[in-house]
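Architecture and fold: a report
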Amino acid sequence: MNYPVAPTSHAMTSAPATAPARIVLEGVNKTFGAGEKNAGTVALKDVNLAVPDRAFVSLLGPSGCGKTTVLRIVNGLLAPDSGRVLISGAPPRPGPNMGFVFQSFRLIPWSTIRGNVEFALVDAIPDRAERRARADRYIELVGLSRFADAYPSELSGGMRQRVALARALAVEPDILLMDEPFASIDAQTRELMQMELMRLWSARKSVALFVTHSVDEAILLADQVVLMGPRPGRILEVIDVDLERPRWTYDVRAEKRFIELRAYLWDRIRTLVLNDPGSDFYGRNLGTGR
Ligand SMILES: Nc1ncnc2c1ncn2[C@@H]1O[C@H](COP(=O)(O)OP(=O)(O)O)[C@@H](O)[C@H]1O
Ligand SMILES: [Mg+2]
């Protein structure tokens, strides 16, 4: 394959020489069910990652490649079997400096939408009125003001996912971890949410780790795309996304560079899937169409 401009990619074993990385994973291994009757599932194998401060990084890869496991290890909810994890130079621990959008939303069913967002702010904002104002601001941002007094069960899956996003953003964390936050949101709302997320992030650059299945979304949002997979979870490549910001002021998807990056990533993914004996499409002769 001949790409007019090859993407800048580098192995993640060497961190960028500039500012010290904000999130560092060194030789991280994680096996679920190790020592049990079955051999156990290798979720991460020698994962090395260095996320620069203020970077927006997309984690892209097929189901089961270990994306969620990476987020849980960064969050401190899960300990690796071996290897080192450092957040701002210290071991990770869950707290208000980290916002997490779970794949499963995890809303409190007996609390309203506003209540769900306020609950995340109890420690950070002791003053009730101030807390409510902050919650309402982020509920508005995700377009759900009309539903602030509704309960999660009254909302669609996509709306619940937006609540989960509002709850994580409202904390205004230094590190934002998002696990497929737009996966169940319809296409139009998804585009609006992508734009809002970019606006927010540009105004207050926290480190963002964003898990997605979508190649387009991975490129659109990120400074770097970390390509993972297939099993066992490894980082295969890190691609720099050299598209101008802000990206909501022009049709970034129509840019030549965007199209090149997308073609490159799709080609990599197609090759991975067709060569993975565990894949449903292993060994098939799927042409590139180009
Ligand atoms: N709690 C768990 N117990 C056993 N296996 C798990 C657990 N969590 C994840 N796994 C396995 O680890 C691998 C990676 O999972 P995950 O990180 O959720 O992948 P992804 O988010 O990329 O889909 C998968 O094979 C998955 O089945
Ligand atoms: Mg996952």
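Predicted, not measured: the structure shown is a model, and the values here were computed from it. (Residues numbered from 1 in each chain as written. Chains lettered and ligands numbered in written order. Predicted model: local features only at pLDDT ≥ 70, side-chain atom pairs only at ≥ 80, totals over all residues.)

1. With respect to the confidence of the model for the protein chain
The predicted coordinates ought not to be read in detail in places where the model reports low pLDDT. Summing up the model confidence of the protein chain, the mean pLDDT is 89 and the portion of residues at 70 or higher is 91%. Predicted confidence is poor over residues 1-5, with pLDDT under 50, and the contacts of this stretch with residues over four places away or in other chains come to 5 contacts. In this model, residues 11-16 is a region of pLDDT below 50 whose contacts with residues beyond four sequence positions or in other chains number 10 contacts. (pLDDT = per-residue confidence, 0-100. Contact = placed C-beta atoms within 7 Å.)

2. Points about the domain arrangement of the protein chain
When the domains of the protein chain are assigned, the result is domain 1 (1-97 + 175-183 + 206-290) and domain 2 (103-172). Opposite the 6 residues of domain 1 that make contact, domain 2 presents 7 residues. Of the residues belonging to the side of domain 1 that touches domain 2, the class tally is 3 nonpolar, 1 polar and 2 charged. (Domains from an automatic or database assignment. Nonpolar A, V, L, I, M, F, W, Y, C, P; charged D, E, K, R; others polar.)

3. Some points on the pairing of strand 8 (residues 207-212)
Buried residues dominate strand 8, accounting for 6 of its 6 residues. Across the two faces of strand 8 the burial is the same, with Val207, Leu209 and Val211 and Ala208, Phe210 and Thr212 all buried. Here 5 bridges tie strand 4 (residues 56-60) to strand 8, and the two strands are oriented parallel to one another. Note that in strand 8 the partner of phenylalanine 56 across the bridge is alanine 208. One ladder, built from 5 bridges, connects strand 7 (residues 175-179) with strand 8; its direction is parallel. Pairing of leucine 177 across the sheet is with leucine 209, part of strand 8. (Buried ≥ 20, exposed ≤ 12 C-beta atoms within 10 Å, placed from the backbone. Helix = DSSP H or I, 4+ residues; strand = E, 2+ residues; numbered from the N terminus. Pairing = 2+ DSSP bridges.)

4. Comments concerning the site of ligand 1
Inspection of the region around ligand 1 gives 13 residues, with Phe32, Ala43, Lys67, Thr68 and Thr69 positioned closest. Mapped onto the shell around ligand 1, the elements with two or more residues apiece are strand 3 (41-52) and helix 1 (67-75). (Near = placed C-beta within 6 Å.)

5. Observations concerning the pairing of strand 9 (residues 224-228)
The element strand 9 is extensively covered by neighbouring structure, given that 5 of its 5 residues are classed as buried. Here 4 bridges tie strand 4 to strand 9, and the two strands are oriented parallel to one another. Looking at strand 9, one finds that leucine 60 is bridged to leucine 227. One ladder, built from 5 bridges, connects strand 9 with strand 10 (residues 235-240); its direction is antiparallel. Bridging across to strand 10, leucine 227 finds its partner in glutamate 237. Connecting strand 9 to the antiparallel partner strand 10 that follows it, the hairpin turn spans 6 residues, and glycine 229 within it adopts a positive phi of roughly 110 degrees.

6. A look at helix 3 (residues 128-141)
A rise of 1.5 Å per residue sets the reference length of helix 3, with its 14 residues, at 20 Å; its end C-alpha atoms lie 20 Å apart and thus fit the reference within 8%. Taken residue by residue, helix 3 has Arg131, Arg134, Ala135, Tyr138 and Ile139 as its buried positions. On an axial view of helix 3, the arc spanned by its buried residues comes to 135 degrees, and they lie on one face. Exposed residues lying more than 90 degrees from the buried face of helix 3 are Ala129, Glu130 and Ala133. (Expected span 1.5 Å × (residues − 1). Arc of directions from axis to C-beta.)

7. Quick word on the sheet that holds strand 5 (residues 82-87)
Backbone hydrogen bonds are what pair the strands of a sheet, in a parallel or an antiparallel way. Reading across the sheet, the 3 strands line up as 3-2-5 and stay open at both edges, with antiparallel pairing between neighbours. Every other strand in the sheet has two partners, leaving strand 3 and strand 5 as the edge strands with one partner each. Strand-to-strand twist in this sheet, taken as the mean axis angle between neighbours without regard to direction, amounts to 15 degrees. Sheet topology places strand 2 (residues 21-32) next to strand 5; 5 bridges connect them, and they run antiparallel. Across the sheet, residue valine 24 finds its bridge partner in strand 5, namely leucine 86. (Axes fitted to C-alpha atoms, helices over the stretch in contact; angles between N-to-C directions.)

8. Topic: helix 7 (residues 256-274)
Its 19 residues place the ends of helix 7 27 Å apart at the C-alpha level, agreeing with the 27 Å of an ideal helix rising 1.5 Å per residue. Listed in full, the buried residues belonging to helix 7 are Leu261, Tyr264, Leu265 and Arg268. Angularly, the buried residues of helix 7 cover 90 degrees about the axis, an arc narrow enough to put them on a single face. Summarising the geometry of helix 7, the exposed residues directed more than 90 degrees from the buried face are Lys256 and Ile259. Against the buried residues of helix 7 lie helix 6 (215-221), strand 9 and strand 10.

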